[in-house]
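Okay, here's what each chain looks like letter by letter:
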Amino acid sequence: LFKPTKAKETPFRVKGEGALSYFIGYDAIKPAGFAEDKGFAINGGKGWKAVRFENSQISTYGDIALAQGEYFFTDFDDKTAKVEYSFGYKKTPEGKLKIVLHHSSIPYSR
């Protein structure tokens, strides 16, 4: 399950190629993906200077872990964007963690 931060036309992504489109950009994988995607992970080709996570809470339930908090993305102009997130992780049979739920959003403001 994937709900990207900056997706308006297709706010929920149900396939891996939808997530990939969001993170690396539509131009990198077209015709798959979504034209609105500029590549959040690469900041539209400009990159990020730093990313910082601040977990609010982490809970574990057997082979499932849930985390929520805020992450801060700083660009090369030293502008920082705060994003709220919830992640769900599941341990694979090989013992690695796989993200099975990703939801992020810009904090509410009036």
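Given the structure is predicted, the values throughout are model-derived calculations rather than measurements. (Residues numbered from 1 in each chain as written. Predicted model: local features only at pLDDT ≥ 70, side-chain atom pairs only at ≥ 80, totals over all residues. Heavy atoms only, no water.)

A closer look at helix α1 (residues 16-24)
Helical geometry note: an α-helix holds 3.6 residues per turn, so side chains three or four residues apart project in the same direction.
Consideration 1: Taken together, the buried positions of α1 are Gly-18, Ala-19, Ser-21 and Tyr-22. Projected onto a plane normal to the axis of α1, the buried residues spread over an arc of 160 degrees and lie on a single side.
Consideration 2: Looking at the packing, one finds that the buried side of α1 touches β1 (2-3) and α2 (26-29).
Consideration 3: A positive phi of about 100 degrees marks Gly-25, the residue just after α1. (Buried < 20%, exposed > 50% of the residue type's maximum accessible area, 1.4 Å probe, protein only. Helix = DSSP H or I, 4+ residues; strand = E, 2+ residues; numbered from the N terminus. Arc of directions from axis to C-beta. Contact = heavy atoms within 4.5 Å.)

Considering the side chain of Glu-36
Consideration 1: Along the chain, the position of Glu-36 falls in the loop between α2 and β2 (50-61).
Consideration 2: Under the relative-accessibility criterion, Glu-36 is labelled buried at 17%.
Consideration 3: Within the local environment of Glu-36, its side chain forms a polar contact with the backbone nitrogen of Lys-8, the two atoms lying 2.7 Å apart.
Consideration 4: A polar side-chain atom of Glu-36 sits 2.8 Å from the main-chain amide nitrogen of Thr-10.
Consideration 5: Excluding its chain neighbours within four sequence positions, the residues that come into contact with Glu-36 are Lys-6, Ala-7, Lys-8, Glu-9, Thr-10 and Arg-13. (Polar contact = N/O pair within 3.5 Å; in protein donor to acceptor, adjacent residues only side chain to side chain.)

From the geometry alone we can't say anything about function, so treat these as descriptive.
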